[in-house]
Amino acid sequence: MYDGHTQLLIKNPIDRYLINSPMLPKMKANLDGSTTIYIQNKSPGAELESNWLPAPNGPIYLVMRLYWPKETPPSILPAGKGDWKPPPVIRTPK
């Protein structure tokens, strides 16, 4: 997560700048087994803070780094034609 203007990391109260696979066991899963990541400026509350990726109070520069160097399913390769699609970022009402 980066500031949308400067493309630099942003200072935040929990010193979290990314979500990665070692963090998944400590995150709260949904009933269907999926995981919701809350990308927002303010904490979603103590119960959901394990799933919070703090964002700046303004434009964001969000990056998804994938280390998946193969073309066999499931894959994002070849670029734009793979059978795996990353989950969407969905804006919810305030």
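Use the structure listed above.
Residues numbered from 1 in each chain as written. Predicted model: local features only at pLDDT ≥ 70, side-chain atom pairs only at ≥ 80, totals over all residues. Heavy atoms only, no water.

Draft legend 1. Here's a closer look at the overall build of the protein. Helices and strands together make up the secondary structure of the protein, namely 0 helices and 4 strands. For the protein, the sequential pattern of α-helices and β-strands runs β-β-β-β. C-alpha extents for the protein along the principal axes are approximately 40 × 35 × 30 Å. For the protein, contacts bridging at least 24 residues in sequence account for 39% of all contacts bridging at least 6. Total accessible area computed for the protein in this model is approximately 7500 Å², and 58% of it derives from carbon and sulfur atoms. In the protein, which carries 11 positive and 7 negative side-chain charges, the distance between the mean positions of the two groups comes to 3 Å. (Helix = DSSP H or I, 4+ residues; strand = E, 2+ residues; numbered from the N terminus. Contact = heavy atoms within 4.5 Å. Areas by Shrake-Rupley, 256 points an atom, 1.4 Å probe, with all protein chains shown as cover. Lys, Arg positive; Asp, Glu negative; His and termini not counted. Charge placed at Lys NZ, Arg CZ, Asp CG, Glu CD.)

Draft legend 2. View of a nonpolar patch on the surface. On the surface, a nonpolar cluster with roughly 390 Å² of combined accessible area is contributed by Ile-37, Ile-39, Ile-60, Leu-62 and Val-89. Assignment of secondary structure puts Ile-60 in strand S4 (residues 60-61). Overall, the relative accessible area of 38% leaves Ile-60 in the partly exposed class. (Patch = residues over 30% accessible without salt bridge, like charges linked within 9 Å, V, L, I, M, F, W, Y side chains within 5 Å. Salt bridge = Lys/Arg side-chain N within 4 Å of Asp/Glu carboxyl O. Buried < 20%, exposed > 50% of the residue type's maximum accessible area, 1.4 Å probe, protein only.)

Draft legend 3. The layout of surface pockets, seen in detail. As a volume, the largest pocket reaches approximately 1800 Å³. Together, 37 residues line the largest pocket, and Ile-37, Ile-39, Leu-53, Leu-62 and Val-89 are the ones closest to its centre. Residue contributions to the lining of the largest pocket peak at 3 residues, all from strand S2 (residues 38-40). The residue inventory of the lining of the largest pocket, partitioned by class, reads 24 nonpolar, 10 polar and 3 charged. (1 Å grid on protein atoms, 1.4 Å probe; cavity = no way out; pocket = protein on both sides within 12 Å on 5 of 7 lines; lining within 4 Å. Points joined across faces, edges and corners; volume = space filled by probe spheres on them. Nonpolar A, V, L, I, M, F, W, Y, C, P; charged D, E, K, R; others polar.)

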